[in-house]
Structure formats: structure tokens, C-alpha cells
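# Architecture and fold: a report
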Amino acid sequence: MLRSPSAAALLILSACVPSPQGGSTALAQAAPARLPRPAATAPEPAPRIALAGERVQGGMAIGTVPTGTTALFLDGKPIPFAPDRRFLIAFDRDAGPSAMLVARLADGREVREPLAIAPRAWNISRLDRLPKYPVPAPEFERRRPAELAQIEAARAKDTGAQGWRQTFLWPTTGRISTLFGSQRIYAGEPGAYHSGIDIARPTGTPVLAPADGVVVLAATAPFTLEGHLLMIDHGMGLNSAFMHLSRIDVAVGQQVRRGQTIGAVGASGRATGPHLHWGLKWRDARIDPLLVAGPMPGNN
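The model shown is predicted, which means the values in this text are computed figures rather than measured ones.

### Quick notes on the environment of Phe180
- Looking at the element boundaries, Phe180 is found in the loop between β11 (175-178) and β12 (183-186).
- On the accessibility criterion, Phe180 (3% relative accessible area) is buried.
- Placed 57 residues apart in sequence, Phe180 and Asn123 show a C-alpha to C-alpha distance of 8.6 Å.
- Discounting chain neighbours no more than four positions away, the residues touching Phe180 are Gly58, Arg93, Trp122, His194, Ser195, Gly196, Ile197, Arg286, Ile287, Asp288 and Pro289.

The following block contains the structure:
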């Protein structure tokens, strides 16, 4: 009597059958091993323009352009930057609500940084007993063009100073008598807005350099409005103007250091009493010293 093949024999027989191409092949083949997928790499972050400072009317900011930047523009105007990629910009007292920074990279790409510029409210003060000009109009008109030419020539100088990188200090401390940006009404006639900050101090009080720089103007005779005027270039288009001084202790072309005595408070030129007028300007933008130097010591 024939016996049925055992289950083991059947398994062996079924595992060895001719393949269509000839020969025998195992039907119960193991699944092919899967190759490991390469680890996903995170995309490189998009280049950005770093910027820190006051994005308000009268404010100043210092930033860093991305690596590989070949040119920088603010609202289409070229902005210089240092070899370490640092740069400075500022916003005029009457700056509009927005601005655009654009960095052009070596590979042709552009990095755009839209800026929102916050508005500010300004003080209005009335000086009803003070005429708009302290000298007769014919004399003022004769002298003023030459004075303005000296001021513009001083502001156009590029000394390579590095004070713009520093934390600014107050050139003198005391009561702030007039804020930046306020407008004065002289005997009913509107004047230009106040382009700096006034600090009331006695005549002879020392005035210090708020940051490193180079003297670009030291008036040898009082100007009609500014009196004894001293101007210091801090680099990158940023400069300080000190007005109404009783004396000037430095000369044109001299390098000054932060905290160095540069003159003394006075009441020369157009002034109602002894005080220091400190003005800051970046290119054509007039900026607020209070935002650059911080709160007046003792007034916190």
C-alpha cells in the first residue's frame, strides 16, 4: 500500500521546482534588504540684515549685513558698511512711516528688510519776546551764506572716525530746557523745529566729547545763530554740533576721545541764557540725542 508523502517531504518538493528560465529557484525568497535613506539636511537659513536701535522718527540704528554683501541701500541710496559688515542708519525727525533696506549679495540675490518707522509727537514752545533773528536782517543775510557754507563743508568731511560704534555719553548733564524736534514760535512767527537738545548749565561748565571723533569745524568767531560752534565727525556720516560755547578747547583736524573736554558752556550767538545745544546729524537726517545717549543721568 502506497503511503502519502509526509508534510516535510511535500515542503521539500514544493521548494524545488524548475524556474521558467531553467534550473531550480527558491520560491520562498527573503525580501530584499532596504538601503537606509540619507538623513534629511535642514535648509540653510535665509540671509538676513541684523539691525538694533530706535526705529522711530529721530532714531538711530546700527546693523550688520549678511556675509557676501557687495552693496547696501536705504530707500535706494547707497549706505557704506565697514569690513566687519557693520553699518549705521538714522531716521530724520520728519521721516515717513516706512523705509526699505536692501543688501545685494555677490551671487546676485537681494535681501530686503522693510522697516516701520514709528511717529512721534513734538513740543511747541512760544518765545513771544524773542525775534526770529537776533541781528538786523541785512547783516544776517550778508553773514549767513558763508556760515552755512562752512557748516556744509564740515559735514561733508569723511575722517574715518570710529566713534559711531561706541555708546554715546552726555557732553554735559543738567536740566533739559528744550527737547529735540520741538518747534518755536518767535513773536508769532514760526521758526524751524529745534534740531538738537538744550541743556541748561552755567557758563564755563566743561563740555565733553560724547564719542571718539575728529574736529571738522571750530569757529574762530561766533556765528550769528550758533555762536561759538564746534563740530565733530564720528564717522559713517554721523556728526555732533555743539553751539553757544563760551570757549573751544580743540582745533580742526584734532582727534578727540570719548569723555575728553572739548569746550565750555556759554551763551554766545542766539541764546536766552547759558546752555549747551547738542545736535546730532546723520547725512541729511537730524536725530534725537536723547535716543542716542539714553536718559539724562539723574532724570530717571
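There is more to say, and it comes next.
### A word on the packing of aromatic side chains
- Counted under the stated rule, the structure contains 3 aromatic pairs.
- Measuring from centroid to centroid gives 5.8 Å for Trp122 and Phe180, while their planes differ by 75 degrees, and the two rings are edge-to-face. Highlighted residues: Trp122 in the loop between β9 (110-116) and β10 (124-127) and Phe180 in the loop between β11 and β12, separated in sequence by 58 residues.
- Seen from their ring centres, Trp170 and Trp278 are 5.6 Å apart, and the 75 degrees between their planes marks the pair as edge-to-face.

### Looking at empty space enclosed by the protein
- Summed over all chains, the structure comprises 1 cavity of 30 Å³ or more.
- Forming the walls of the largest cavity are Ala154, Arg155, Lys157, Val216, Asp233, Gly237 and Asn239.
- In terms of residue class, the lining of the largest cavity is made up of 2 nonpolar, 2 polar and 3 charged.

### Overview of the pairing of strand β4 (residues 60-64)
- With 4 of 5 residues buried, β4 is to be regarded as a mostly interior element.
- Counted along the chain from strand β3 (residues 50-53) to the antiparallel partner β4, the turn is 6 residues long, and its residue Gly58 has a positive phi close to 85 degrees.
- Here β4 runs beside strand β7 (residues 86-90); their pairing, made up of 5 bridges, is antiparallel. Paired with Gly63 across the bridge in β7 is Phe87.

### A short note on the pairing of strand β18 (residues 238-245)
- Taken across its 8 residues, β18 has 8 buried, putting it largely inside the fold.
- Strand direction decides the pairing type here: strand β17 (residues 228-235) and β18, joined by 6 bridges, are antiparallel. Its bridge partner being in β18, Asp233 is matched across the sheet by Asn239.
- Counted between consecutive antiparallel strands, the loop separating β17 from β18 contains 2 residues, among which Met236 sits at a positive phi close to 55 degrees.
- Note: β18 against strand β22 (residues 275-282), 6 bridges, orientation antiparallel. Across the sheet, the residue bridging to Asn239 is Lys281, located in β22.

### Focus: the environment of Gln254
- Within the secondary structure, Gln254 sits in the loop between β19 (247-248) and β20 (255-256).
- The exposure class assigned to Gln254 is partly exposed, which follows from its relative accessible area of 30%.
- On a C-alpha basis, the gap between Gln254 and Gly213 in space is 8.5 Å, while along the polypeptide they are 41 residues apart.
- Discounting chain neighbours no more than four positions away, the residues touching Gln254 are Gly213, Val214, Val215 and Gln260.

### So, the layout of surface pockets
- The volume enclosed by the second largest pocket comes to roughly 360 Å³.
- Together, 16 residues line the second largest pocket, and Leu74, Lys77, Ala90, Trp282 and Ala285 are the ones closest to its centre.
- The class makeup of the residues in the lining of the second largest pocket is 9 nonpolar, 2 polar and 5 charged.

### Some thoughts on the pattern of salt bridges
- By the definition in use, this model includes 13 salt bridges.
- In this structure, Arg109 and Asp107 form a salt bridge, with 2.8 Å as the shortest nitrogen-oxygen distance.
- A residue is classified by how much of its surface remains accessible, and Asp107, at 53% relative accessible area, is exposed.
- A salt bridge links Arg143 to Glu139; the shortest N-O distance between them is 3.3 Å. Of this pair, Arg143 and Glu139 both sit in helix α2 (residues 137-155), 4 residues apart, which is roughly one turn of the helix.
- Residue class for Arg143 comes out partly exposed when judged on its relative accessible area of 24%.

### Observations concerning the nonpolar core
- Core analysis: the biggest nonpolar cluster contains 52 residues, and Ile89 and Trp282 have the highest contact counts within it.
- Once residues lying within four places of it in the same chain are set aside, the contact partners of Ile89 are Leu51, Met60, Ala61, Leu74, Ile79, Leu101, Leu115 and Trp282.
- Grouped together as the second largest cluster of nonpolar side chains are 10 residues, Ala154, Val216, Met231 and Ala241 included.

### Some details on the sheet that holds strand β21 (residues 261-264)
- Taken together, the 3 strands give an open sheet; going across it, the order is β15-β21-β19, and neighbouring strands pair in antiparallel fashion. Of all strands in the sheet, those bounded by a partner on one side alone are β15 (206-208) and β19.
- Relative to β21, β19 is paired through 2 bridges, and the arrangement is antiparallel. Considered in β21, the bridge of Arg247 is made with Ala264.

Basis of the calculations
Residues numbered from 1 in each chain as written. Predicted model: local features only at pLDDT ≥ 70, side-chain atom pairs only at ≥ 80, totals over all residues. Heavy atoms only, no water. Helix = DSSP H or I, 4+ residues; strand = E, 2+ residues; numbered from the N terminus. Buried < 20%, exposed > 50% of the residue type's maximum accessible area, 1.4 Å probe, protein only. Contact = heavy atoms within 4.5 Å. Phe/Tyr/Trp six-rings, centres within 6.5 Å; stacked < 30°, edge-to-face > 60°. 1 Å grid on protein atoms, 1.4 Å probe; cavity = no way out; pocket = protein on both sides within 12 Å on 5 of 7 lines; lining within 4 Å. Points joined across faces, edges and corners; volume = space filled by probe spheres on them. Nonpolar A, V, L, I, M, F, W, Y, C, P; charged D, E, K, R; others polar. Pairing = 2+ DSSP bridges. Salt bridge = Lys/Arg side-chain N within 4 Å of Asp/Glu carboxyl O. Core = buried A, V, L, I, M, F, W, Y, C linked by side-chain atoms within 4.5 Å.

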